[in-house]
Amino acid sequence: MIRRPPRSTLFPYTTLFRSPEFVIDLDLPPEQRWKEVATVYSADIKDLLSAVKNVTHPIFHGLIFKLVDKFGPKLAETFPQPFLDEIKGISDATAIPLGEVAFFNIFYEIFTVCTSIVGQSSSGNLYHGRNLDFGLLMGWDSKNGTWLATEILRRMTVQLDFQRNKTTVFKATNFVGYVGMVTGMKPSRFSLTVDERFKFIGGYIGFAEWILGKRNGKWMSFLTREVLENATSYEEAQKTLAKSVLLAPVYFILGGNRSGQASVITRGLKFFDVWELGSEIKNGSWYLVETNYDHWTKPPYYDDRRSPAKRCLDKFGANNFSMANLFNVLSTKPMNNKVSD
């Protein structure tokens, strides 16, 4: 394996790319909250859905989206509030069929890949960052050497400030049209990222159970949105994320507001394991790295992003750990790849 050292010249990230910022007003009726941002990015959302249609058509001959258009609205009607009305509002603002907007909002439950890191510097400061790898196998552009869906999603990445009474409740980095959350931060309380957990049953079993009427589980991204909106502490967020029944296995990476307060919560539909940063500090380490594999198992050789990330972090050391160096680690291959945002 080629061992690549961490980059040292990428930071500050603002010189590379700065996502547009929008306010999501939680005091508005749900169907109106996303109107502004959805209208601005309407063409991009349509481009993404067209890309997915083009990729799947040679295999399924349009069957997938025929089913989405036929049954998607019925599926959407089973979503909890306020998510149902928010999705309807996006559909109205973009003139995209309701079923297709609903399909986009559950796609994470089926497939994505990511890398999350939370670490503590020698001065006790916590830093939490992630790569969001989305769009793998969704249309290879041989001319530019990129995944088509990934490039569209990169255009659709925005910074969101969720406000109530004109005061920030939480902030998030998200894709336009996706009302759940995979990356967020509650100021002075906690930070939260989500990585998919690869398991055979995946999100398909939970999805099938939901379709068949067994709806005691929660959609992952809706749960994280609820936690970011309603949890008032790291401890409350951790408990809710660990014990809620889910539709898909997942990793929740949670950072707190004081030294040693961070964890990776490994989830099955009911199973949970909490891996605490505090326990790693006692053992001489100072960080947690989560990709898409259980921390107590060895990642497969063909997708080992964990080992390179750990080598980069170890090279910097806790004495030099900072937001700049965390950014540089996440910008180093293979953590940063052709499906990374």
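Each value, and the rule that gives it
- Residues numbered from 1 in each chain as written.
- Predicted model: local features only at pLDDT ≥ 70, side-chain atom pairs only at ≥ 80, totals over all residues.
- Heavy atoms only, no water.
- Phe/Tyr/Trp six-rings, centres within 6.5 Å; stacked < 30°, edge-to-face > 60°.
- Helix = DSSP H or I, 4+ residues; strand = E, 2+ residues; numbered from the N terminus.
- Buried < 20%, exposed > 50% of the residue type's maximum accessible area, 1.4 Å probe, protein only.
- Pairing = 2+ DSSP bridges.
- Axes fitted to C-alpha atoms, helices over the stretch in contact; angles between N-to-C directions.
- Contact = heavy atoms within 4.5 Å.
- Parallel < 35°, antiparallel > 145°, perpendicular 65-115°, else oblique.
- Left-handed = near helix turned anticlockwise from the far one by under 90°.

Some thoughts on the packing of aromatic side chains
Okay, so step 1: Across all of its chains, the model carries 15 aromatic pairs by this definition.
Okay, so step 2: With centroids separated by 5.9 Å and ring planes inclined at 65°, the aromatic side chains of Phe-104 and Tyr-178 adopt a geometry described as edge-to-face. You can see Phe-104 sitting in helix α5 (residues 98-106) and its partner Tyr-178 sitting in the loop between β7 (167-175) and β8 (183-186), a full 74 residues away along the chain.
Okay, so step 3: Relative accessible area serves as the criterion here: at 2%, Tyr-178 is assigned to the buried category.
Okay, so step 4: Each ring, one from Phe-162 and one from Phe-170, has its centre 4.2 Å from the other, and the planes form 10°; the classification is stacked.
Okay, so step 5: Classification of Phe-162 as buried rests on a relative accessible area of 0%.
Okay, so step 6: Given the relative accessible area of 0%, Phe-170 is considered buried.
Okay, so step 7: Three or more aromatic residues joined by ring pairs form one cluster here, namely Phe-79, Phe-83, Phe-207, Trp-210, Trp-219 and Phe-222.

Observations regarding α5
Owing to its 3.6 residues per turn, the α-helix brings residues three or four apart onto one side.
Okay, so step 1: For α5, the buried fraction is high: nine of the nine residues fall into the buried class.
Okay, so step 2: Three or more residues of α5 are buried, namely Leu-98, Gly-99, Glu-100, Val-101, Ala-102, Phe-103, Phe-104, Asn-105 and Ile-106.

Observations regarding the sheet that holds β7
Two pairing modes exist for strands in a sheet, parallel and antiparallel, and in both the strands are linked by backbone hydrogen bonds.
Okay, so step 1: Pairing is mixed across the open sheet formed by eight strands, whose spatial order is β1-β6-β7-β8-β9-β10-β11-β12. If you trace the sheet from one side to the other, it starts and ends with β1 (21-25) and β12 (272-276), each paired once. The sheet shows a mean angle of 20° between the axes of neighbouring strands, direction not considered.
Okay, so step 2: Where strand β11 (residues 262-267) and β12 come together, five bridges link them in antiparallel fashion. Bridging from a neighbouring strand, Ile-265 pairs with Val-274 of β12.

Some points on the side chain of Thr-266
Okay, so step 1: Examined against the element boundaries, Thr-266 turns out to sit in strand β11.
Okay, so step 2: Every residue in contact with Thr-266, bar those within four places of it in the chain, is listed here: Arg-197, Val-250, Tyr-251, Phe-271, Phe-272, Asp-273, Asp-294, His-295 and Trp-296.

Quick word on the packing of helix α4 (residues 83-94) against α5
Okay, so step 1: The contact between α4 and α5 brings their axes to 9 Å, and the two run at 125°. Judged by the angle between their axes, α4 and α5 are oblique. Between α4 and α5 lies a crossing of right-handed hand. Here α4 contributes Ile-87, Lys-88, Ile-90 and Ser-91 to the contact with α5, which in turn contributes Leu-98, Val-101, Ala-102 and Asn-105.

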